[in-house]
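Working through the structure, step by step
These are the residues of each chain, in order.
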Amino acid sequence: TQLLEQSPQFLSIQEGENLTVYCNSSSVFSSLQWYRQEPGEGPVLLVTVVTGGEVKKLKRLTFQFGDARKDSSLHITAAQPGDTGLYLCAGVGGNTGKLIFGQGTTLQVKP
Amino acid sequence: EAQVTQNPRYLITVTGKKLTVTCSQNMNHEYMSWYRQDPGLGLRQIYYSMNVEVTDKGDVPEGYKVSRKEKRNFPLILESPSPNQTSLYFCASSPDSGPYSNQPQHFGDGTRLSIL
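Everything in this summary refers to the structure shown in the same document. Not measured: the values here are computed from a predicted model.

1. Concerning the overall build of chain B
On a plain count of helices and strands, chain B comes out with 0 helices and 11 strands. Starting at the N terminus, the α and β elements of chain B follow one another as β-β-β-β-β-β-β-β-β-β-β. Taken over C-alpha atoms, the radius of gyration comes to 13 Å for chain B, in line with the 13 Å a tight globule of 116 residues would show. Sorting the 116 residues of chain B into buried and exposed places 47% on the buried side. Of the roughly 5600 Å² of accessible surface on chain B, 49% is carried by carbon and sulfur atoms.

This is the structure we're talking about:
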C-alpha cells in the first residue's frame, strides 16, 4: 500500500515568517497534487506537479516535486493570515493509478 | 457555476436508522467518489464510480453503499449507521475516469454526520 506522510501535522507561525511543508513516500508517484481546505469547505486544488524536479510557483507559494517523484514540498514565503488552512498533498500511485491523500498539515498564521 | 453539491450539510442521527447523503455535480464529469475525513487520517476513499452504472470499492467501503444511475448524481447510503461512521464526508468529481489521471478533484463542501 502506498502511503504519503506529511510533516509537520500542525504549524503555528507569525505573519511574515516562511515555512515549508513536506510530503514524503517510499513509493513513486506519477503526479502529485496540493490542495488547500478551509473550515466548512472542501479541498481546493492549488497545483499539480508531474515531472521529477518540477518547480511551480503560485504567488508566494512554491511547490517542488522530488527528482525521484517520491516526495514533494510546499514553501510559503512571508505567510499571511489568509494562508491559514489545512494543506493536503495527494499522489497518483505509480503502480495503482489511484489517488492517495496525505494526512494533512494544519497551518495557522497569526497576525 | 460549476459545483458539487452535497446534502445535508449536517446530520445528527441514531444508530441503525438508514440515511442517504446526496451528491450532485453539474460539470458533466465521468468520475465521482466519496471520501471520509477523520483527524490524523486525512481523506480516505469509500467508493468511486468511473461512469454511470459502474461503481467500485475504495479503501474503506464497509458499512456503505452507493449507486450511479445518472451521470450527475452519486448518493452515499448508510443502511445501518453505527457510531464509528461519525465523520466528515466529501463527495468529489473529476473529468477523467481513468487510472493515473492527474485531473483535479472538485470537492463538495462536506457533510458532517454524527451517529449517536
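2. Considering unusual backbone geometry
Of note, the amide linkage connecting Ser 7 of chain A to Pro 8 of chain A takes the cis form, showing an omega dihedral of -10 degrees. Residue position: Pro 8 of chain A is located in the loop between strand 1 (5–7) and strand 2 (10–14). For the bond running from Asn 7 of chain B to Pro 8 of chain B, omega is -5 degrees, close enough to zero to count as cis. For Pro 8 of chain B, the position within the fold is in the loop between strand 1 (4–7) and strand 2 (10–13). The residue Arg 69 of chain A is not glycine, and still its phi comes out positive at about 60 degrees. Mapping Arg 69 of chain A onto the fold places it in the loop between strand 7 (61–65) and strand 8 (71–76). Of note in the backbone geometry, Asn 28 of chain B takes a positive phi value of approximately 60 degrees without being a glycine.

3. Comments concerning the packing of aromatic side chains
Where two aromatic rings form a pair, the distance of their centres and the angle of their planes describe that pair. All names here are of chain B. By the definition in use, this model includes 9 aromatic pairs over all chains. When the ring of Tyr 35 is compared with that of Phe 107, the centres are 5.8 Å apart and the planes differ by 45 degrees; the resulting orientation is tilted. Separated by 72 residues along the polypeptide, Tyr 35 in strand 4 (residues 31–38) and Phe 107 in strand 10 (residues 106–107) bring together distant segments of the chain. By relative accessible area, which is 1% here, Tyr 35 ends up buried. Ring centres of Phe 90 and Phe 107 lie 6.2 Å apart, and the angle between their planes is 90 degrees; this geometry places the pair in the edge-to-face category. In this pair, Phe 90 sits in strand 9 (residues 87–94) while Phe 107 sits in strand 10, placing the two residues 17 residues apart along the sequence. Across the pair, Phe 107 and Phe 90 agree in class, each one buried.

4. Here's the deal with the state of the cysteines
All names here are of chain A. Summed over all chains, the structure comprises 2 disulfides over all chains. One disulfide bridge connects Cys 23 with Cys 89, the sulfur atoms lying 2.0 Å from each other. Handedness here is read from the sign of the S-S torsion; for Cys 23 and Cys 89, about 75 degrees, the answer is right-handed. Here the residue Cys 23 occupies a position in strand 3 (residues 19–24), and Cys 89 occupies one in strand 9 (residues 85–93), the gap between them amounting to 66 residues. Considered together, Cys 23 and Cys 89 belong to a single accessibility category, that of buried residues.

5. A few points about the sheet that holds strand 1 of chain B
All names here are of chain B. With antiparallel pairing, 4 strands are arranged side by side in an open sheet as 1-3-8-7. Lying at the two open borders of the sheet, with one neighbouring strand each, are strand 1 and strand 7 (65–66). Bridge count between strand 3 (residues 19–25) and strand 8 (residues 76–78): 3 bridges; the pairing is antiparallel. Along strand 8, the bridge assignment pairs Val 21 with Leu 76.

6. Quick notes on the environment of Val 60 of chain B
All names here are of chain B. Tracing the backbone shows Val 60 in the loop between strand 6 (54–57) and strand 7. Val 60 gets classed as buried once you look at its relative accessible area, which sits at 17%. For the pair Val 60 and Leu 116, spaced 56 residues apart in sequence, the C-alpha to C-alpha distance is 20 Å. When sequence neighbours within four positions are dropped, the list of residues in contact with Val 60 reads Arg 36, Arg 44, Gln 45 and Ile 46.

Here is what the cut-offs are and how they apply
Residues numbered from 1 in each chain as written. Chains lettered and ligands numbered in written order. Predicted model: local features only at pLDDT ≥ 70, side-chain atom pairs only at ≥ 80, totals over all residues. Heavy atoms only, no water. Helix = DSSP H or I, 4+ residues; strand = E, 2+ residues; numbered from the N terminus. Rg over C-alpha atoms; globule rule 2.2 N^0.38 Å. Buried < 20%, exposed > 50% of the residue type's maximum accessible area, 1.4 Å probe, protein only. Areas by Shrake-Rupley, 256 points an atom, 1.4 Å probe, with all protein chains shown as cover. Phe/Tyr/Trp six-rings, centres within 6.5 Å; stacked < 30°, edge-to-face > 60°. Disulfide = S-S within 2.5 Å. Pairing = 2+ DSSP bridges. Contact = heavy atoms within 4.5 Å.

Purely geometric numbers; function is a separate question.
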